[in-house]
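As a plain string of letters, each chain reads:
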Amino acid sequence: MAITFVTSSTFTVPLGAGEVTQGLPVSLENDIVLICLCCDNLNEGAGNDGIVGQGYTNIDGPTGTAPGRQITYKRMGATPDTTVVIDQEADKIITGLVQVWRGVDTVTAEDATATSASGNSANPNSPAIVTVTDNALVLSVALLDDDDSVPSVFPAGYTNTLSNNTGQGSTTVGATVGIASIIKTPAGSEDPGAYTITTDQWFAFSVALRPAAAAVVLPPQPTVVLDSRHRAASW
């Protein structure tokens, strides 16, 4: 079964908001909801800011290193969530984006361990990741400290691009997050290209999600009947 993009959304958690309930895009059972958060020193090392618990699996964070960040996902159950609770320190604005993906393997969601890189430049660049399964989804996530910006270039050949920032036009306490993706076939090493964005400290991650196995279709079986002498015969 191929992985397909369903929908996406963006949001910001305002300054001093504390615990915020944020709406999520519509999803179905077994859909993967991926959420990326970025902030100027999100969490500041306290270990309890961002999305805590609620059935989410962290790929990274929440962490207070610059930029503060969290990449996390949840497989939706029979009654998919319509909201998520985000905890925020009083002096930080959090920017976030959400993407919903369908057709991810229900046993093993991640096809390979996420890889990461960091730097201080205008070109956040997710490192190579080696996928195991043909047609895995590779996502490149860029997180920029301090600056509210918009990527002028996303990784070449990648689609479903999305970015968001804190919306305060700041070069000291803002933050920006971006995402882009590609289906990798055949399996092997995938090295996303760089973003072009404002120069500052950044982290960039490569994440791989595994496609669900295709349903097995059995060939039609012959019809067997018994003749008048009770011997098997095929028609």
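Our subject is the structure listed above.
Residues numbered from 1 in each chain as written. Predicted model: local features only at pLDDT ≥ 70, side-chain atom pairs only at ≥ 80, totals over all residues. Heavy atoms only, no water.

### Quick word on the state of the cysteines
Phase 1: In this structure the tally under the stated criterion is zero disulfides.
Phase 2: In this structure Cys38 is not part of a disulfide, and its nearest cysteine sulfur, from Cys39, lies 7.3 Å away. (Disulfide = S-S within 2.5 Å.)

### What to know about the sheet that holds strand β12 (residues 174–184)
Phase 1: The strand order across the open sheet formed by five strands is β8-β14-β10-β12-β11, and the pairing between neighbours is antiparallel. The sheet terminates laterally at β8 (110–121) and β11 (159–165), the two strands that pair on one side only. Taking the axes of each pair of neighbouring strands and ignoring which way they run, one obtains an average angle of 15° across the sheet.
Phase 2: When β8 meets strand β14 (residues 200–209), the two strands line up antiparallel, connected through nine bridges. Bridging from a neighbouring strand, Ser121 pairs with Asp200 of β14. (Pairing = 2+ DSSP bridges. Helix = DSSP H or I, 4+ residues; strand = E, 2+ residues; numbered from the N terminus. Axes fitted to C-alpha atoms, helices over the stretch in contact; angles between N-to-C directions.)

### Some thoughts on the pattern of salt bridges
Phase 1: Applying the stated criterion to the full structure yields five salt bridges.
Phase 2: Close ionic contact of Asp60 with Arg69 constitutes a salt bridge, the shortest N to O distance being 2.8 Å. The same class applies to Asp60 as to Arg69, namely buried.
Phase 3: One salt bridge in this structure joins Arg210 and Asp111, with 2.6 Å as the shortest N-O distance. One end of the pair, Arg210, is in the loop between β14 and β15 (224–226); the other, Asp111, is in strand β8, with 99 residues separating them in the sequence.
Phase 4: We classify Asp111 as buried; its relative accessible area is 3%. (Salt bridge = Lys/Arg side-chain N within 4 Å of Asp/Glu carboxyl O. Buried < 20%, exposed > 50% of the residue type's maximum accessible area, 1.4 Å probe, protein only.)

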